[in-house]
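Breakdown of the fold
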Amino acid sequence: MSAIEIQGLTKRFGDVAVVDDLSFRAREGAVTGFLGPNGAGKTTTLRMLLGLATPTAGSATIGGQPYGQLADPFRHVGAVLESTGFHPGRRARDHLRVLATAARLPLARVQEVLDQVGLAEVGDRRVKSFSLGMRQRLGLASALLGEPEVLILDEPANGLDPEGVHWLRRFLRGFADQGGTVLVSSHLLAQTVDEVVIITRGRLVSQASLANLTHRSQAGVRVRTAQPEALRGALAAEGIAAELVTADALVALQTTTEAVGLAAAGANVAIYEMTAQGFDLEELFLELTNSEEAVR
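Read on for an overview of the structure. (Residues numbered from 1 in each chain as written. Predicted model: local features only at pLDDT ≥ 70, side-chain atom pairs only at ≥ 80, totals over all residues. Heavy atoms only, no water.)

A closer look at the nonpolar core
Put simply, the test is: Think of a nonpolar core as a cluster: buried Ala, Val, Leu, Ile, Met, Phe, Trp, Tyr and Cys residues, connected wherever their side-chain atoms sit within 4.5 Å. Throughout, exposure labels follow a simple rule: accessible area from a 1.4 Å probe, protein chains only, divided by the maximum for the residue type, with under 20% read as buried, over 50% as exposed, and the rest as partly exposed. Secondary structure counts use DSSP, requiring at least four H or I residues in a row for a helix and at least two E residues in a row for a strand, with both numbered from the N terminus. Any two residues whose heavy atoms approach within 4.5 Å are treated as being in contact.
Among the nonpolar cores identified, the biggest contains 44 residues, and Leu96, Leu119, Leu138, Leu140, Leu151, Leu168 and Leu172 are the most heavily contacted of them. In terms of residues, this core owes the most to one element, helix α5 (residues 162-177), which gives seven residues. Residues contacting Leu172, with those up to four places away along its chain left out, are Val31, Leu151, Leu153, Val182 and Leu189. Ranked by size, the runner-up nonpolar core spans 22 residues in total, among them Leu46, Leu70, Val77 and Leu183.

Now the structure itself:
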């Protein structure tokens, strides 16, 4: 009941396609990152998924059904699309009580979700005194009231301090590990995800697991040496690809410092500096979206 399925989804405003024949899936037990530059169509896609906007074509379903056809959707899907939907004069606890009453949920859930998101000590404060980060937490508390199986979050880390971002990463990871489905639009949470969906101009650029993207990236080992060609040849003999990046440096791709060190020692190549280069999802995101823009 918790897989999200987007099929051929399109949304046009006049002649402008904000979302254009988009298809992807967010599976159960995983955090799916939904990434794209500003104006890529991410929020419009999420609004269609939640029945807040009508598609021009295609479908968006949760557990095989459109959101509007789910029985008791509040108990199945929790969503946060913005952190401004609060009455500023209302206390945080009262805001949650109104939502719980409207959804016919036990009022005991109010205190439970305040504890869950770290707002227990400020639950009686009026929302107008909350920082953006606190409002983000209150939004998440609202989404969690019905103990949903699915979370759909649009930039939930905005306004959070580093500790709050770390907390949110751990929370989403735990939610998915317990079988939940998470679809989250946030670059700050990119390293938390299991799978990545990247769009630009409303079209899909890539959908892949984070492990697959890591394998495809140019992660490896940067080496500075006076003999880059000799080292490159030694690495090639070991089946390790390498690219020259300057006159005295190269990057050995998809390998380790140990493998590079052994190849250098075997070829009697002196190494002045060697640094492992980790996978950078932000750089890959820019590479993919820029490539798509160039094609257009």
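Let's talk about the environment of Gly233
Of note, Gly233 is situated in helix α7 (residues 228-237). Given the relative accessible area of 40%, Gly233 is considered partly exposed. As for Gly233 and Ala267, which are separated by 34 residues in sequence, their C-alpha atoms are 9.0 Å apart.

Observations regarding the sheet that holds strand β1 (residues 4-13)
The criterion, for reference: Two strands are counted as paired when DSSP detects at least two bridges linking them. Under this scheme, a helix contributes an axis fitted over its contacting stretch, all axes are lines through C-alpha atoms, and angles between N-to-C directions fall in the 0 to 180 degree range.
An order of β2-β1-β4 is seen for the three strands of this open sheet, with the pairing classed as antiparallel. Two strands bound the open sheet, and with one partner strand each, they are β2 (16-26) and β4 (57-62). Averaged over all adjacent pairs, the angle separating strand axes in this sheet is 20°, with direction ignored. With five bridges joining them, β1 and β4 adopt antiparallel strand pairing. Of the residues in β4, the one forming a bridge with Glu5 is Thr61. Taken strand by strand, helix α1 (residues 42-49) contacts β1, β2 and β4, and its axis lies near 115° from that of β1.

Focus on the pattern of salt bridges
What counts here: Within this document, salt bridges are pairs made up of a side-chain nitrogen of Lys or Arg and a carboxyl oxygen of Asp or Glu, the two lying within 4 Å of each other.
What the rule picks out here adds up to 10 salt bridges. Across the pair Arg75 and Asp72 runs a salt bridge whose closest N-O atoms are separated by 2.8 Å. Under the relative-accessibility criterion, Arg75 is labelled partly exposed at 34%. Taken together, the shared-partner salt bridges connect Arg173, Asp177 and Asp194 into one network.

What about the pairing of strand β3 (residues 30-35)?
Taken across its six residues, β3 has six buried, putting it largely inside the fold. The two faces of β3 match: Ala30, Thr32 and Phe34 on one face and Val31, Gly33 and Leu35 on the other face are all buried. With four bridges joining them, β3 and strand β7 (residues 181-185) adopt parallel strand pairing. What sits directly across from Val31, in β7, is Val182. Summarising the sheet, β3 and strand β8 (residues 195-200) pair through four bridges and their orientation is parallel.

As for the side chain of Arg93
With respect to the secondary-structure elements, Arg93 resides in helix α2 (residues 92-102). According to the relative accessible area criterion, Arg93 is buried, its value standing at 12%. Residues contacting Arg93, with those up to four places away along its chain left out, are Val110, Gln111, Leu114, Ala120, Gly123 and Asp124.

What to know about the packing of α2 against helix α4 (residues 132-144)
Which entries qualify depends on this criterion: Should an angle lie under 35 degrees it is considered roughly parallel, over 145 roughly antiparallel, and from 65 to 115 roughly perpendicular; all remaining angles are considered oblique. A clockwise turn of the near helix away from the far one marks a right-handed crossing, whereas an anticlockwise turn of less than a right angle marks a left-handed crossing. Note on residue classes: Ala, Val, Leu, Ile, Met, Phe, Trp, Tyr, Cys and Pro are nonpolar, Asp, Glu, Lys and Arg are charged, and everything else, Gly too, is polar.
Where α2 meets α4, the closest approach of the two axes is 10 Å, and the angle between their N-to-C directions is 25°. Judged on the interaxial angle alone, α4 and α2 are roughly parallel. The way α2 lies across α4 gives a crossing that is right-handed. Note on element contacts: α4 touches α2 through Leu138, Ala141 and Ser142, opposite Ala92, His95, Leu96 and Leu99. When the residues that make up the contact of α2 with α4 are grouped by side-chain class, the tally is five nonpolar, two polar and no charged.

Quick notes on unusual backbone geometry
Phi is positive for Asp21, which is not a glycine, with a value near 55°. Mapped onto the fold, Asp21 is located in strand β2. The phi angle at Arg201 is positive, at roughly 50°, despite the residue not being glycine. Turning to its location among the elements, Arg201 is positioned in the loop between β8 and β9 (203-209).

Quick notes on the packing of aromatic side chains
The following threshold applies: Pairing of aromatic rings covers Phe, Tyr and Trp, the last through its six-membered ring, and needs centres within 6.5 Å; plane angles under 30 degrees mean stacked, over 60 mean edge-to-face, and all others mean tilted. Two thresholds decide whether a charge sits over a ring: the Lys NZ or Arg CZ must be within 6 Å of the ring centre and within 35 degrees of the ring normal.
Tallying each qualifying case throughout the model produces three aromatic pairs. Between the aromatic rings of Phe24 and Phe34, the centroid separation amounts to 5.2 Å while the plane-to-plane angle is 35°, which identifies the pairing as tilted. You can see Phe24 sitting in strand β2 and its partner Phe34 sitting in strand β3, a full 10 residues away along the chain. For the pair shown, Phe24 and Phe34 are each scored as buried. Taken together through their ring pairs, the aromatic side chains of Trp167, Phe171 and Phe175 make up a single cluster. Positioned over the ring face of Trp167 is Arg137, at 4.5 Å from the centre of the ring.

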